[in-house]
Amino acid sequence: MRRNLSQFSRTSRRRRESGQSLVLVVVAVGLVLAGGMGLAVDTSQLYGHRQMAQAAADAAAQGGILSIFARTNTTGSIFGTSTYTCGTSSATTPCQFAYKNGVGSTSSDVVSVDFPTSVAGVTLSPNYNPAAIHVLVSRTVAATFMKMLGAGNTTVKAAATAAITQTNAVVPIGVMHPTASGSLSLGGSSSITICGGSQLSLEVNSSSRTALSNGGTINLSQAAPCSPTGTGTDLGVFGGPAGPNPADSTVLPSGLTGGSTSHYLQPNLPVSDPLKSISAPTKPATAGTKVSVAKGTPDCPASLDQSCTIYYPGDWSGGIDVKGETAIFQPGLYYIDSKGFAFDSNSASVMCSATCVTSGPLADTTSGCCTTSKGMLVYLDTSGGALSVGANAGKKDPIILLGSDKSGTYKGILFFASHSNGSSHSFGGGGATTVTGTLYLTNSALHTQSLSLGGGSGSNTTIIGQIITDQLSLSGNSAITMTLDASSTFPVDRVSLVK
């Protein structure tokens, strides 16, 4: 009996001990599971905050460098070149972009901004000071489940560096206005064919979501010289609209025709004016003159439809207006003080021949056009007015113009408007018009210059060179062919997120 009771007691004790062990095991497993779940939750939370901090750093750096690039780093949002830390309500551009991305408006966040003078692997533009901005975001994140295991707060950090870099590149057609809606506008049945140049053949800098207004067609498929064998080039727009498939830039919006390597790049960060370092020419001391010559002379072939006038370079204080004649331009600088440079609907032009007749009844005289040089530069001063080519100019006889020497000071520019000129320029063309040279028509401060390309369905207008203007539009049923010069490279400033 006693033995049975003793055995029962031992058995009962073993059962109690076994139950206690099971409880301890359950508690231990529970703590491990809780710790694992807490670690997973807190790790996920830290990852989320790290991603938010990185997005804020990227946005702050890009917003800051774009403000420097657009030269809007002015009163109210100016941030200078000295290292600083954002307060919880700072007005500067980098801080505002950080706030908009959910970082910096509370004391648990620190957003610091500094301006490195060099960045490994890139060449900073010498045209901007500062040319780089570095943003460091620090956020204090409190532990949740892990706090039960004694964990404290954790600081997550993210950094970004944005810069204005400079590289030598082939200049695309550049539409420079930083904010305008429809800064590149194709209306009606207008079309522009772009041949050759760089892979990026057309860049629209405007931040507007409607920077590209496309009712016509842009053909990016061809090579230079214009040939359907090309593989295609790119159109870049900073603002918009977005492409049909933002994840796939090879899907082009309606109105764009591309080749196998064509892309619609949006958003594509702006490029700077590649010619801004070229100074305005000095006004000539002598006035420009012109001389009428009869058909049948060496400079005015009898085959022309109308008589000729030889134009000489100099200071044209009253502008140049070619009406009902064929203008023959001597090479040199045509400095326009007022009233612009215009061709009416029945005009034509050619450059002086390099062939000089020195004897016989058709010999060139002092009033003739005899030269071995070539090329002209038309400069429209601040009050110089506009470039205007009539809608049917070149209809009877062609318009042929050649710009400045590509290897010289003016880098192939044909028409150069002062950076403080605010004119609206027009290039009609309804006949045979061929111009070789760059149309450089931009207002560096207010971006108020524009170029309108028009003309009729019979237009045979070819521009061999580049266009740099603030706003560009095609209207009616104009048909313009642009052949970009792949051999003309310039230092181009670009905005990039480099780290």
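The rules behind these values
Residues numbered from 1 in each chain as written. Predicted model: local features only at pLDDT ≥ 70, side-chain atom pairs only at ≥ 80, totals over all residues. Heavy atoms only, no water. Pairing = 2+ DSSP bridges. Helix = DSSP H or I, 4+ residues; strand = E, 2+ residues; numbered from the N terminus. Buried < 20%, exposed > 50% of the residue type's maximum accessible area, 1.4 Å probe, protein only. Contact = heavy atoms within 4.5 Å. Core = buried A, V, L, I, M, F, W, Y, C linked by side-chain atoms within 4.5 Å. Axes fitted to C-alpha atoms, helices over the stretch in contact; angles between N-to-C directions. Salt bridge = Lys/Arg side-chain N within 4 Å of Asp/Glu carboxyl O. Polar contact = N/O pair within 3.5 Å; in protein donor to acceptor, adjacent residues only side chain to side chain.

**Student:** For the pairing of strand E4 (residues 154-170), give the residues involved together with the corresponding values.
**Tutor:** With 10 bridges joining them, strand E3 (residues 132-141) and E4 adopt antiparallel strand pairing. Looking at the pairing, Leu136 lines up with Ala159 of E4. Summarising the sheet, E4 and strand E34 (residues 489-497) pair through 9 bridges and their orientation is antiparallel. Paired with Ile164 across the bridge in E34 is Val495.

**Student:** Mind laying out the environment of Pro301, listing which residues take part and the relevant values?
**Tutor:** Counting through the fold element by element, Pro301 comes out in the loop between strand E14 (290-293) and strand E15 (308-311). Residue Pro301 is classed as partly exposed on the basis of its relative accessible area, which comes to 36%. When neighbours within four sequence positions are excluded, Pro301 is seen to be in contact with Lys295 and Gly296.

**Student:** How would you summarise the sheet that holds E3 if you had to cite specific residues and measurements?
**Tutor:** One open sheet accounts for 5 strands, arranged E1-E2-E3-E4-E34; its pairing is antiparallel. Sheet topology places strand E1 (84-85) and E34 at the edges, where each strand pairs with a single neighbour. Here 2 bridges tie E1 to strand E2 (residues 109-114), and the two strands are oriented antiparallel to one another. The residue bridging Tyr84 from the neighbouring strand is Val113, located in E2.

**Student:** An account of the nonpolar core is needed here, citing residue identities and associated values.
**Tutor:** In this structure, Phe329, Phe341 and Leu401 are the most contacted members of the largest nonpolar core, which totals 51 residues. Setting aside residues no more than four positions away along its own chain, Phe329 makes contact with Tyr311, Val322, Tyr334, Phe341, Phe343, Ser349, Val350, Met351, Cys352, Met376 and Leu401. Formed by 32 residues, the second largest nonpolar core is a distinct cluster that contains Ile68, Val103, Val137 and Ala158.

**Student:** Can you lay out the sheet that holds strand E11 (residues 234-237) for me, pointing to particular residues and giving the numbers?
**Tutor:** Strand order in the open sheet formed by 10 strands is E13-E11-E8-E5-E31-E28-E25-E22-E19-E16, and the pairing between neighbours is parallel. On the outer flanks of this sheet lie strand E13 (263-265) and strand E16 (314-316), each paired with one strand and no other. Strand-to-strand, the axes of this sheet are offset by a mean angle of 10°, without reference to chain direction. Note: strand E5 (residues 173-175) against strand E8 (residues 200-204), 3 bridges, orientation parallel. Looking at the pairing, Val175 lines up with Val204 of E8.

**Student:** Run through the pattern of salt bridges, naming residues and quoting values.
**Tutor:** Considering all chains together, one arrives at 4 salt bridges under this definition. With its nearest N and O atoms 3.1 Å apart, the salt bridge here joins Lys276 to Asp493. A residue pair is termed long-range when its members are at least 10 positions apart, and Lys276 in the loop between E13 and E14 and Asp493 in strand E34 qualify at 217 residues. The partly exposed category is assigned to Lys276, whose relative accessible area is 29%. For Asp493, a relative accessible area of 1% puts it in the buried group. Its salt-bridge partner being Lys283, residue Asp337 comes within 3.5 Å of it at the nearest N-O pair. Of the two residues, Asp337 sits in the loop between strand E19 (332-336) and strand E20 (341-343) while Lys283 sits in the loop between E13 and E14, which places them 54 residues apart along the sequence. Accessibility expressed as a relative area gives 42% for Lys283, which makes it partly exposed.

**Student:** Kindly report on the side chain of Gln449, identifying the contributing residues and their values.
**Tutor:** With respect to the helices, strands and loops of the structure, Gln449 is situated in the loop between strand E28 (438-441) and strand E29 (450-453). Among the polar contacts made by the side chain of Gln449, one reaches the main-chain carbonyl oxygen of Thr442 at a distance of 3.1 Å. When sequence neighbours within four positions are dropped, the list of residues in contact with Gln449 reads Ala417, Ser418, Asn421, Gly422, Ser423, His425, Leu441, Thr442, Asn443, Thr469, Asp470 and Gln471.

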